[in-house]
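In case you want the letters, here they are:
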Amino acid sequence: MPFGVLSTMPQSLSPDYSYCPRCAEPLVPKIRGGLPRPGCASCGFVHFRNPAVGVAVVLLDDAGRVLLGRRSAGGNVGEWCIPCGYVEWGEDIRDAARREFLEETGIDVAIGDVCAVHSNFHNPNSLTVGVWFYGQIAGGEPRASDDLDRVAWFPPETPPEPLAFPTDRIVLADLASYKKKSP
């Protein structure tokens, strides 16, 4: 995605800051890492806008179906997703996956191996790097909560529509492909 002319700060570059958080001087475009970034000519501060880290848990039942949730809050209300959320500042990524899954589904899980990692570009104002972990039930009963109003099991090859996130479609397609290759 091109950033445009350096004489103006592109809107998509940093809606977070117009003034330096250290010295309150106006930020101007500075080239760092080959890209224009908001920087302070006075104190040298440079704002690097980085993606947030999202986590999700892929929970499969004995029939190979995956537990999905229907969103009831935030964006994509009424659309289905692999239960997910954000890593909090100072939180271990696996602890975040377990916490988010429990909050949304009522199921406590043991976090296993990484299933997938993808960059998420579906919301240009909130880019994320998503990490999907395999999970195993450690306790609890399925019940929708937090950002979900329904949870249900679906074969990965025939998820319900609409799906909330394009990367979930990729993860589900990979699960379906792997399932076909397995005995």
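S.K.: Tell me about the overall build of the protein, and name the residues and values.
M.R.: When you go through the protein residue by residue, the secondary structure sums to two helices and nine strands. Reading the protein from its N end, one meets helices and strands in the order β-β-β-β-β-β-α-β-β-β-α. Out of the 183 residues belonging to the protein, those deemed buried represent 36%. Within the protein, contacts between residues separated by at least 24 positions form 59% of all contacts whose residues are at least 6 apart in sequence. Here the protein has roughly 10400 Å² of accessible surface; of this, 53% comes from carbon and sulfur atoms.

S.K.: So what about the nonpolar core? Which residues, and what values?
M.R.: With 31 residues, the main nonpolar core has Val 58, Leu 68, Ile 82, Phe 101, Trp 132, Val 171 and Leu 172 as its most contacted residues. For this core, the elements supplying multiple residues, two or more each, are strand S3 (52–59), strand S4 (66–71), strand S5 (80–81), helix H1 (93–105), strand S7 (107–120), strand S8 (128–140), strand S9 (148–154) and helix H2 (166–181). For this core, the element with the highest residue contribution is S3, accounting for five residues.

S.K.: Residue-level account of the packing of aromatic side chains, with values.
M.R.: How two aromatic rings sit relative to each other is set out by the distance from centre to centre and by the angle between their planes. If you walk through the whole model with that rule in mind, you get two aromatic pairs. A ring pair is formed by Trp 80 and Phe 154, whose centres lie 5.1 Å apart and whose planes are at 75°; its orientation type is edge-to-face. Taken as a pair, Trp 80 in strand S5 and Phe 154 in strand S9 lie far apart in primary sequence, 74 residues in all. Assigned by exposure class, Trp 80 and Phe 154 land together as buried.

S.K.: Mind laying out the side chain of Thr 128, listing which residues take part and the relevant values?
M.R.: With respect to the element layout, Thr 128 can be found in strand S8. With sequence-adjacent residues up to four places away left out, Thr 128 is seen in contact with Pro 51, Ala 52, Tyr 86, His 118, Ser 119 and Asn 120.

Scoring rules and cut-offs
- Residues numbered from 1 in each chain as written.
- Predicted model: local features only at pLDDT ≥ 70, side-chain atom pairs only at ≥ 80, totals over all residues.
- Heavy atoms only, no water.
- Helix = DSSP H or I, 4+ residues; strand = E, 2+ residues; numbered from the N terminus.
- Buried < 20%, exposed > 50% of the residue type's maximum accessible area, 1.4 Å probe, protein only.
- Contact = heavy atoms within 4.5 Å.
- Areas by Shrake-Rupley, 256 points an atom, 1.4 Å probe, with all protein chains shown as cover.
- Core = buried A, V, L, I, M, F, W, Y, C linked by side-chain atoms within 4.5 Å.
- Phe/Tyr/Trp six-rings, centres within 6.5 Å; stacked < 30°, edge-to-face > 60°.

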